[in-house]
Amino acid sequence: MDNLKISNMTISDFENISPTLTSDFDDFWSCKTLYSELNNPHSHYIVAKIHTEIVGFAGIWKSVDDVHITDIVVKKDFRKRGIGSLLLQKLISISKELKFKELTLEVNSSNEVARKLYLKFGFKELGIRKKYYNNTDDAIIMTLYM
Ligand SMILES: CC(C)(COP(=O)(O)OP(=O)(O)OC[C@H]1O[C@@H](n2cnc3c(N)ncnc32)[C@H](O)[C@@H]1OP(=O)(O)O)[C@@H](O)C(=O)NCCC(=O)NCCS
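Residues numbered from 1 in each chain as written. Predicted model: local features only at pLDDT ≥ 70, side-chain atom pairs only at ≥ 80, totals over all residues. Heavy atoms only, no water.

Engineer: Just checking my understanding: could you explain the pattern of salt bridges for this structure?
Structural biologist: Side-chain pairing between opposite charges can occur once the charged atoms of the two side chains come close. For the coordinates displayed, the defined rule picks out five salt bridges. Of the charged contacts, one joins Arg129 and Glu106 as a salt bridge, the two residues approaching to 3.0 Å between their closest N and O atoms. Of this pair, Arg129 sits in strand S6 (residues 124-133) while Glu106 is found in strand S5 (residues 102-108), placing the two residues 23 residues apart along the sequence. Arg129 sits in the partly exposed class, given a relative accessible area of 35%. (Salt bridge = Lys/Arg side-chain N within 4 Å of Asp/Glu carboxyl O. Helix = DSSP H or I, 4+ residues; strand = E, 2+ residues; numbered from the N terminus. Buried < 20%, exposed > 50% of the residue type's maximum accessible area, 1.4 Å probe, protein only.)

What follows is the structure, given as structure tokens:
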């Protein structure tokens with residue numbers, strides 16, 4: 001996408017998306033959590049913008065040995081245009097630059113779209129956490145060895 005730019009998420013970006021976070025992006029991240037992540041020195045968040053419109057964001061949490069993807073979300077009207085792939089590519093390159101060897105995440109087992117995205121980038125489904133979400137849905141643990 002020609003006009004798409006990826007940059008680090010700022011507090012001003014957060015203020016920009018917070019009113020529509022659950023309606024236009026996704027319903028499983030609260031503004032409060034995202035705000036605290038932005039202020040966490042172990043976290044790194046990026047946004048995808050077309051001109052000034054934020055069309056996606058994603059974040060990682062840096063642990064001692066590995067990096068954890070905390071979220072990757074594309075604005076509903078902009079899905080299936082390659083933006084999720086660009087965000088994921090950027091998280092992978094940030095992790096490589098930081099010399100991490102593993103990138104890991106949990107995804108709801110029913111989230112076929114996200115699982116496909118991660119598989120496409122070489123993530124392996126290595127484990128399962130039973131009833132991880134709301135004590136109902138299983139989480140699949142996926143890891144990319146870089
Ligand atoms: C998952 C998500 C980030 C993908 O973003 P996107 O911009 O639509 O993804 P892309 O256009 O880059 O597609 C990348 C790949 O994802 C998979 N994919 C994307 N949309 C899909 C769909 N509707 N059905 C099946 N596979 C799909 C495909 O493998 C696709 O590759 P392809 O185009 O070569 O077939 C987006 O659907 C989203 O924000 N979902 C809600 C939040 C979420 O579930 N995040 C993951 C939490 S772990």
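Engineer: Sorry if this is basic, but what is going on with helix H5 (residues 112-120) here?
Structural biologist: Think of an α-helix as 3.6 residues a turn; residues three or four steps apart then line up on the same face. Of all the residues in H5, the buried ones are Ala114, Arg115, Leu117 and Tyr118. Buried positions in H5, seen along its axis, are confined to an arc of 160° and lie on one side of it. Counted as exposed and oriented over 90 degrees from the buried face of H5: Val113, Lys116 and Lys120. Against strand S4 (67-74), helix H4 (83-97), S5, S6 and strand S7 (137-145) lie the buried residues of H5. Backbone geometry just downstream of H5 places Gly122 in the positive-phi region, at approximately 95°. (Arc of directions from axis to C-beta. Contact = heavy atoms within 4.5 Å.)

Engineer: Sorry, what's going on with the pairing of S6 here?
Structural biologist: Across a regular strand the side chains alternate sides, sitting on one face of the sheet and then on the other. Pairing of S6 with S7, which is carried by six bridges, proceeds in the antiparallel orientation. Residue pairing across strands places Tyr133 opposite Asp137, the latter belonging to S7. In textbook terms, the turn of a hairpin is the stretch between consecutive antiparallel strands, and for S6 and S7 this stretch comprises three residues, one of which, Asn134, has a positive phi near 50°. (Pairing = 2+ DSSP bridges.)

Engineer: Help me understand the site of the ligand, please; the structure alone is not making it clear to me.
Structural biologist: If you check the shell around the ligand, you find 21 residues, and the closest are Val74, Lys80, Gly84, Ser85 and Asn111. Taking Val74, its main chain carries an N or O atom lying 2.8 Å from an oxygen atom of the ligand. Burial of the ligand by the protein chains amounts to 77% of its free accessible area of 930 Å². A per-element tally of the shell around the ligand places H5 first, with six residues. (Near = heavy atom within 4 Å. Polar contact = N/O pair within 3.5 Å; in protein donor to acceptor, adjacent residues only side chain to side chain. Areas by Shrake-Rupley, 256 points an atom, 1.4 Å probe, with all protein chains shown as cover.)

Engineer: Can you help me understand the layout of surface pockets in this one?
Structural biologist: One simple way to see leftover space: roll a probe sized like a water molecule over the atoms. The volume enclosed by the largest pocket comes to roughly 1,100 Å³. Residue assignment for the lining of the largest pocket shows that the elements contributing at least two residues are S4, H4, S5, H5 and S6. Of all the elements, S4 adds the most residues to the lining of the largest pocket, at seven residues. Tallied by class, residues from the lining of the largest pocket come to 16 nonpolar, nine polar and nine charged. (1 Å grid on protein atoms, 1.4 Å probe; cavity = no way out; pocket = protein on both sides within 12 Å on 5 of 7 lines; lining within 4 Å. Points joined across faces, edges and corners; volume = space filled by probe spheres on them. Nonpolar A, V, L, I, M, F, W, Y, C, P; charged D, E, K, R; others polar.)

As far as function goes, none of this settles anything; it's purely spatial.
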